[in-house]
Amino acid sequence: MQIDLHTHSTASDGRLIPSQLVACAAGAGVDVLALTDHDGTDGLEEARCAAIAAGIQLINGIELSVTWNKRTVHIVGLNFDPDFAPLKAGILSLQNFRETRAREIAYKLEKSGIKGAYEGAMRFSGGKMLGRMHFANFLVDSGHAKNVRKVFKHYLVQNKPGHVTGNWASLEDAVSWITGAGGIAVIAHPARYKLTRGKLRHLIKDFMAVGGRAIEVVSGSHDLNETKTMACHASDFDLYASAGSDFHDPDFPWIKLGQLPPLPRQCKPVWDLFL
Ligand code: AMP
Ligand code: MN
Ligand code: MN
Ligand code: MN
């Protein structure tokens with residue numbers, strides 16, 4: 001069975017509309033798909049209809065932005081009720097911060113000589129859910145960088161002209177919104193944070209203390225060694241293991257939909273909790 005529990009659509013910073021994403025996933029042989037847009041659930045309804053039509057199973061998902069010890073970490077929520085009021089309120093607060101941050105990013109870019117970034121990013125976001133990817137698209141389109149990866153490196157990360165510090169949800173709030181809605185909280189792409197072993201274990205402990213139960217072991221942004229390391233952490237802490245591509249765009253050749261290696265043998269699959 002092919003399972004992909006981390007993907008994005010145009011409801012956040014992905015390139016495909018939810019129904020296209022589902023069709024592509026089905027075409028790629030995915031049996032179980034979670035749509036996990038950043039800080040929003042607006043794509044789920046369209047995805048659900050498309051999944052029924054395509055005969056695959058859709059799991060409700062989200063990827064919440066969290067500030068933990070002054071760092072941004074991402075927490076994926078799986079299999080929750082999107083109508084749970086505290087979750088909806090939490091999403092609204094994150095979206096408000098996205099709006100404030102977008103204006104600040106544009107202001108900083110303007111100070112470094114790049115005009116019209118807010119409107120430019122808006123064009124790529126379709127008027128909702130502004131993220132750094134939309135600024136990246138604008139900066140590539142307007143000739144400031146060759147590709148999205150270069151934009152991040154030169155403009156949108158710490159100590160670069162368009163960087164704005166995150167002020168996202170607390171770990172405790174994000175996990176409680178998901179678990180309160182009946183879902184499972186998962187630490188997304190843990191290797192991406194470049195934490196020392198000690199810091200990562202600190203994150204895991206804090207996460208479990210507030211009700212987190214799973215970690216992405218297989219991820220489109222993990223190499224084989226990182227997968228093995230995360231499988232060890234999962235075993236040590238008795239966490240469930242998840243697998244997701246973090247697919248955004250068919251034109252990003254480095255991440256394909258639903259073509260993930262199997263979980264290492266010792267892992268407890270997170271989908272045992274809901275399939
Ligand atoms: P945001 O949540 O708006 O701060 O944007 C985070 C998103 O930007 C991630 O989910 C990725 O889609 C994208 N992103 C972050 N870093 C990079 C990078 N180095 N290269 C390409 N995309 C990136
Ligand atoms: Mn993204
Ligand atoms: Mn992420
Ligand atoms: Mn993601």
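Cut-offs applied
- Residues numbered from 1 in each chain as written.
- Chains lettered and ligands numbered in written order.
- Predicted model: local features only at pLDDT ≥ 70, side-chain atom pairs only at ≥ 80, totals over all residues.
- Heavy atoms only, no water.
- Pairing = 2+ DSSP bridges.
- Helix = DSSP H or I, 4+ residues; strand = E, 2+ residues; numbered from the N terminus.
- Contact = heavy atoms within 4.5 Å.
- Axes fitted to C-alpha atoms, helices over the stretch in contact; angles between N-to-C directions.
- Core = buried A, V, L, I, M, F, W, Y, C linked by side-chain atoms within 4.5 Å.
- Buried < 20%, exposed > 50% of the residue type's maximum accessible area, 1.4 Å probe, protein only.
- Donors = N, O, S within 2.8 Å, 3.2 Å for Na, K, Ca; no water.
- Near = heavy atom within 4 Å.
- Polar contact = N/O pair within 3.5 Å; in protein donor to acceptor, adjacent residues only side chain to side chain.
- Nonpolar A, V, L, I, M, F, W, Y, C, P; charged D, E, K, R; others polar.
- Parallel < 35°, antiparallel > 145°, perpendicular 65-115°, else oblique.
- Left-handed = near helix turned anticlockwise from the far one by under 90°.
- Right-handed = clockwise from strand over helix to strand, strands pointing away.

A. View of the sheet that holds strand E3 (residues 57-68). Strand order in the open sheet formed by seven strands is E1-E2-E3-E4-E5-E6-E7, with mixed pairing between adjacent strands. Edge positions in the sheet fall to strand E1 (3-4) and strand E7 (240-244), since each has one partner strand and no second. Strand direction decides the pairing type here: strand E6 (residues 214-219) and E7, joined by five bridges, are parallel. Bridge pairing in E7 places Ile-215 opposite Ala-241. Along the sheet face, helix H8 (residues 197-209) touches E3, strand E4 (71-78), strand E5 (184-187) and E6 and points at about 170° away from the line of E5.

B. Here's a closer look at the nonpolar core. If you look at the biggest cluster of nonpolar residues, it comprises 56 residues, and the most contacted ones within it are Leu-5, Leu-78, Leu-203 and Val-217. When residues no more than four places from it in sequence are discounted, the contact partners of Leu-5 are Val-32, Ala-34, Thr-36, Ile-59, Val-76, Leu-78, Ser-242, Ala-243, Gly-244, Val-270, Trp-271 and Phe-274. In this structure, Ala-121, Leu-130, Ala-145 and Val-148 belong to the second largest nonpolar core, which totals 21 residues.

C. Focus on the coordination of the manganese ion (ligand 4). Coordination of the manganese ion (ligand 4) by the protein comes from His-6 (NE2), His-8 (NE2), Glu-63 (OE) and Asp-246 (OD), over a distance range of 2.1 to 2.2 Å. Sequence positions of the residues that donate to the manganese ion (ligand 4) give the spacing H-x1-H-x54-E-x182-D. Here the manganese ion (ligand 4) and the manganese ion (ligand 2) are spaced 4.7 Å apart. In this pair, His-6 is assigned in the loop between E1 and helix H1 (18-27) and Glu-63 in strand E3, connecting sequence segments 57 residues apart. There is no split in this pair, since His-6 and Glu-63 are both buried.

D. Structural view of the site of ligand 1. Surrounding ligand 1, one finds Asp-13, His-38, Arg-98, Arg-101, Gly-131, Arg-132, Met-133, Val-148, Phe-152 and His-248. Interatomic distance of 2.6 Å between a side-chain N/O atom of Arg-101 and an oxygen atom of ligand 1. Take His-248: an N or O atom from its side chain is 2.9 Å from an oxygen atom of ligand 1. Within the residue set of the shell around ligand 1, elements represented by two or more residues are helix H3 (85-111), helix H5 (132-141) and helix H6 (148-156). Residue composition of the shell around ligand 1, by class: three nonpolar, three polar and four charged.

E. Just the coordination of the manganese ion (ligand 3), in detail. Distances from the manganese ion (ligand 3) to its protein donors, namely Glu-63 (OE), His-74 (ND1) and His-189 (NE2), fall within the range 2.1 to 2.2 Å. Positions of the donor residues of the manganese ion (ligand 3), expressed as sequence spacing, correspond to E-x10-H-x114-H.

F. Local environment of the packing of H8 against helix H9 (residues 224-237). At a closest axis distance of 12 Å, the pairing of H8 and H9 adopts a crossing angle of 45°. Of the possible angle classes, the one that applies to H8 and H9 is oblique. Note on packing geometry: the crossing formed by H8 with H9 is right-handed. For the pair H8 and H9, the contacting residues are Arg-197, Leu-200, Arg-201, Ile-204, Lys-205 and Met-208 in the first and Met-230, His-233, Asp-236 and Phe-237 in the second. Class assignment of the residues belonging to the contact of H8 with H9 gives a composition of five nonpolar, one polar and four charged.

G. Region of interest: the pairing of E7. Among the five residues in E7, five count as buried, and that is most of the element. The alternating pattern of E7 places Tyr-240, Ser-242 and Gly-244 and Ala-241 and Ala-243 on opposite faces, both of which are buried. The handedness of the E6 to E7 crossover, carried by H9, is right-handed.

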